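Close look at the chain arrangement
So the chains spell out like this:
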Amino acid sequence: MAFALTLFVEAANRRLAPAMTPHPHDNDVCKYLYLTLCADMPSLPAAEHPEPDHCPTLYTAFSTLCSHYDGDPLQATVCARVLAFHFLMERTAGAVLSKWMQPHPDTLQFVELHPAVIAAIATTRLHGSVLLSESVFVELVAEKARSMVKRVQ
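The structure contained in this document is the topic of the report that follows. Owing to the predicted nature of the structure, the values given are computational and were not obtained by experimental measurement.

A count of helical and extended segments in the protein chain gives six helices and two strands. Secondary structure elements of the protein chain occur, N-terminal to C-terminal, as α-α-α-α-β-β-α-α. Total accessible area computed for the protein chain in this model is approximately 8900 Å², and 58% of it derives from carbon and sulfur atoms.

Moving on, we come to helix 1 (residues 2-12). Along helix 1, the positions that sit buried rather than exposed are A4, L5, L7, F8 and A11. Summarising the axial view, the buried residues of helix 1 lie within an arc of 165 degrees, below the 170-degree limit, and thus occupy one face.

Our next topic: the packing of aromatic side chains. Tallying each qualifying case throughout the model produces three aromatic pairs. Ring plane angle 75 degrees and centroid distance 4.9 Å describe the contact between Y34 and Y59, whose orientation is recorded as edge-to-face. On the criterion of sequence distance, the pair formed by Y34 in helix 2 (residues 28-39) and Y59 in helix 3 (residues 56-68) is long-range, its members being 25 residues apart. Given a relative accessible area of 0%, Y59 falls into the buried group. For the ring pair Y34 and F62, a centre distance of 5.1 Å and an interplane angle of 55 degrees mean the geometry is tilted. With Y34 in helix 2 and F62 in helix 3, the pair connects residues that are 28 residues apart, well separated along the chain.

With that settled, consider the state of the cysteines. Evaluation of the coordinates by the stated rule reveals one disulfide. The thiol sulfur of C79 is not disulfide-bonded, and the nearest other cysteine sulfur, from C66, lies at 4.3 Å.

As a further point, take the environment of A80. Of note, A80 is situated in helix 4 (residues 75-92). Residues A80 and L37, 43 residues apart in the sequence, show an inter-C-alpha distance of 6.9 Å. Apart from residues no more than four positions distant in its own chain, A80 is found in contact with L37, L126 and V130.

By the definition in use, this model includes two salt bridges. For E10, the salt bridge is made with R15, and the minimal N-O distance between the two is 3.2 Å. Between R91 and E134 there is a salt bridge, with its nearest N and O atoms 3.4 Å apart. Separated by 43 residues along the polypeptide, R91 in helix 4 and E134 in helix 6 (residues 134-152) bring together distant segments of the chain.

So, about the environment of C79. Among the secondary structure elements, C79 is positioned in helix 4. On the accessibility criterion, C79 (0% relative accessible area) is buried. Each C-alpha atom, one on C79 and one on V130, is 9.7 Å from the other, the two residues being 51 residues apart in sequence. Ignoring any residue separated from it by four or fewer positions in sequence, one finds C79 in contact with L33, L37, F62, L65 and C66.

A separate point is the side chain of Q75. By secondary structure assignment, the location of Q75 is in helix 4. Sequence-distant contacts of Q75, defined by excluding residues within four places in its chain, comprise V29, C30, L33, C66, Y69 and D70.

F62, L65, L83, F85, L97, F137 and V141 are the most contacted members of the largest nonpolar core, which has 43 residues in total. For this core, the elements supplying multiple residues, two or more each, are helix 1, helix 2, helix 3, helix 4, helix 5 (115-123) and helix 6. The element best represented in this core is helix 4, accounting for 10 residues. Ignoring anything within four residues of it in the chain, the contact list for V141 reads L97, W100, A116, V117 and A120.

Criteria and thresholds
Residues numbered from 1 in each chain as written. Predicted model: local features only at pLDDT ≥ 70, side-chain atom pairs only at ≥ 80, totals over all residues. Heavy atoms only, no water. Helix = DSSP H or I, 4+ residues; strand = E, 2+ residues; numbered from the N terminus. Areas by Shrake-Rupley, 256 points an atom, 1.4 Å probe, with all protein chains shown as cover. Buried < 20%, exposed > 50% of the residue type's maximum accessible area, 1.4 Å probe, protein only. Arc of directions from axis to C-beta. Phe/Tyr/Trp six-rings, centres within 6.5 Å; stacked < 30°, edge-to-face > 60°. Disulfide = S-S within 2.5 Å. Contact = heavy atoms within 4.5 Å. Salt bridge = Lys/Arg side-chain N within 4 Å of Asp/Glu carboxyl O. Core = buried A, V, L, I, M, F, W, Y, C linked by side-chain atoms within 4.5 Å.

See below:
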């Protein structure tokens, strides 16, 4: 999951070689998956509803991730989880997880996520939506963090 998040962020920030980033319209499976996942977001006003033509950076990042997992049976779930996490972070400006983030030591542009966040992204139930419940997700992160501490002790 950590790799998938990194790939998504690097593609969104346009730091991948052009050969690594597919043309947004090259993969019909990715486009269909993206539109299907985003269609499940009724709380967004129509003008802000993300579609490939309206949100090219987000779609390019998603398409890069989706294409990387082409043929993998976990393609849809990995993509849905990363997109759900992206929307959670965007919606809360990262504040909901500030306790489990720290600045990256090499650059101020990035943060490091606590391993419990990565574990929670990988295991949270999505129930057909890419909108994570903030309270449920934070509770799951806290539970994962507690279990990690117990294993270390």
